[in-house]
Amino acid sequence: METATGSRPHRVVVLALDGLLPFELGIPHRIFGRPKDAAGRHLYEVVTCSVRPPGPVETDADFAIQVGHGPETLATADTVIVPASYELGPVFEEGVLTEDLAAALGHIRPGTRLASICTGVYVLAAAGLLDGRPATTHWADADRLQRLFPRIRVDPDVLFIDDGDVLTSAGVAAGIDLCLHMVRRDHGTAVANEVARRTVVPPHRDGGQAQYIERPVPDPQQATTTGARAWALGRLHEPLQLRDMAARESMSVRTFTRRFREEVGVSPGQWLTRQRVERARHLLESTDLSVDQVARDAGFGTAQSMRQHLQTALGVTPTAYRRTFRADAALRT
C-alpha cells in the first residue's frame, strides 16, 4: 500500500461506462478523496477514465459527464473500481466483453486491486477475473449472474465480499460500505471512521450483513431494538445476556430475537461479536493497552477468546493486527 509519505498516493481509477449511475460513480471519489496523513497529504488519488478517448459518457440520468482520461489511465492504477451501469450490452446479456472494454481492461497491471459496485461485477466476471471466486451483486441480479457465470460462487445475501485482490459489493449504499472497508483495510479503523463521520454514514456495516431485511423501517407503533443496541454498545466490556437486552425493550427473548434479526439482519449474538471485534480493533490500533486488557475492555474476557474471534473475523492474531496498523500509522506520522 503506497501512501503520500515518501511516495505518491495510492491511485484509485474509476472506470466510467455508458449508462452508469451517477450516485455510484461518485462513491469512490467521496470515500477515497477524504483520507489524509498526519501532514495533511491525501492518502489516495482518485481519477476517472472511460473506455474511449476523453469525452462525454452517458449516464442513466438526463445528463452526461465529461471524462478527462482514456483507457490507458488504467495502467497507472493501484486499485480499479467498476461502478454499476445499465447499458452493459453483451456483457450483461451474453457474458462477453465488448472489444473496447476488453482493450481497456488489458491496460490493467498484474497485481492491481479490483473492485466492483453492483452490476459492475459483470465486467469483472466477463473478463474471467471471478472464476472460482466468491462474489456478490445486487440481490435482484444475483440469479442472473450465477446463471451467466456458473464458475462464480455467487452469494446474494451479503453487502460485499473481500476476496483479497478482488472485491465485489451489492448496490448503492453497499458501495459505500465496500469503499470504507478498503480504507479500513489499508489504514485502519480510526482513518475509516473519520471518513465515515465526515460523510455522515455508519462507520461500519459488516460485509456479511444481509442485503435485504424484511422490516427495514419498523412500524412506529411497534417497539424496536434500537435502545437495546445503544445500551449494549455502552457496555461491551461487561458480560451481556440476551435476556437483559430483551428486558430493555420490555420484550420476551423470543420476540426480541425475532425483531432484532428483522431490523439488523443478524442475530443479537452475531451483532455483539462484531461490535466487540470492532472495539478490539480500535483499541489495538489507538492504545498501548496489553492484549489481555484489550480483550477485557472489548468484552471477550480472555486474550485467547479474543484471539479466536479476530482470527475468524480478520484472519490475523491481535498482535499481528496491531503490528500491521501501528507500522502503517508510523508511516503516516
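Look up a bit, the structure's there.
Keep in mind that what you see is a predicted model, and the values were worked out from it rather than measured.

Describing unusual backbone geometry
Phi at Cys-118 is positive, roughly 55°, even though this residue is not glycine. When you line up the elements, Cys-118 lands in the loop between strand S6 (113-117) and helix H4 (121-126). Its relative accessible area of 8% is what places Cys-118 among the buried residues. Unlike most non-glycine residues, Val-172 shows phi in positive territory, near 50°. Among the secondary structure elements, Val-172 is positioned in the loop between strand S10 (166-169) and helix H6 (173-187). Since its relative accessible area comes to 38%, Val-172 is described here as partly exposed.

Some thoughts on the packing of aromatic side chains
With the rule as written, the count across this model stands at five aromatic pairs. Ring geometry for Phe-92 against Tyr-122: centres 4.8 Å apart, planes inclined by 55°, an arrangement best described as tilted. On the criterion of sequence distance, the pair formed by Phe-92 in helix H2 (residues 90-93) and Tyr-122 in helix H4 is long-range, its members being 30 residues apart. Three or more aromatic residues link up through ring pairs in this structure, and these residues are Phe-92, Tyr-122 and Phe-149. The residue whose ring lies beneath Arg-144 is Phe-92, and the NZ or CZ to ring-centre distance is 4.4 Å.

What to know about the nonpolar core
Of all hydrophobic cores here, the largest spans 34 residues; its most connected members are Ile-31, Phe-32, Ile-81, Cys-179, Met-182 and Val-183. Of all the elements in the fold, those that place two or more residues in this core are strand S1 (10-15), helix H1 (22-32), strand S4 (64-67), S6, H6 and helix H7 (189-199). Counting residues per element, this core draws most heavily on H6, which supplies seven residues. Ranked by size, the runner-up nonpolar core spans 31 residues in total, among them Val-51, Leu-124, Leu-130 and Val-166.

Digging into the pairing of strand S2 (residues 44-49)
Note: S1 against S2, six bridges, orientation parallel. The partner of His-10 across the bridge, within S2, is Tyr-44. After leaving S1, the chain enters H1 and then returns to the sheet as S2, a path that is right-handed.

Digging into the pattern of salt bridges
In this structure the tally under the stated criterion is 17 salt bridges. The partner of Arg-151 in a salt bridge is Asp-131, with the nearest N and O atoms 3.5 Å apart. Taken together, the residues Arg-151 in the loop between helix H5 (142-148) and strand S8 (153-154) and Asp-131 in the loop between H4 and strand S7 (134-135) connect sequence positions 20 residues apart. Accessibility expressed as a relative area gives 33% for Asp-131, which makes it partly exposed. Arg-133 is the partner of Asp-165 in a salt bridge, and the nearest nitrogen-oxygen pair spans 2.9 Å. Here Asp-165 is found in the loop between strand S9 (160-162) and S10, whereas its partner Arg-133 is found in the loop between H4 and S7, with 32 residues between them in sequence.

What counts and how
- Residues numbered from 1 in each chain as written.
- Predicted model: local features only at pLDDT ≥ 70, side-chain atom pairs only at ≥ 80, totals over all residues.
- Heavy atoms only, no water.
- Helix = DSSP H or I, 4+ residues; strand = E, 2+ residues; numbered from the N terminus.
- Buried < 20%, exposed > 50% of the residue type's maximum accessible area, 1.4 Å probe, protein only.
- Phe/Tyr/Trp six-rings, centres within 6.5 Å; stacked < 30°, edge-to-face > 60°.
- Lys NZ or Arg CZ within 6 Å of the ring centre and 35° of its normal.
- Core = buried A, V, L, I, M, F, W, Y, C linked by side-chain atoms within 4.5 Å.
- Pairing = 2+ DSSP bridges.
- Right-handed = clockwise from strand over helix to strand, strands pointing away.
- Salt bridge = Lys/Arg side-chain N within 4 Å of Asp/Glu carboxyl O.

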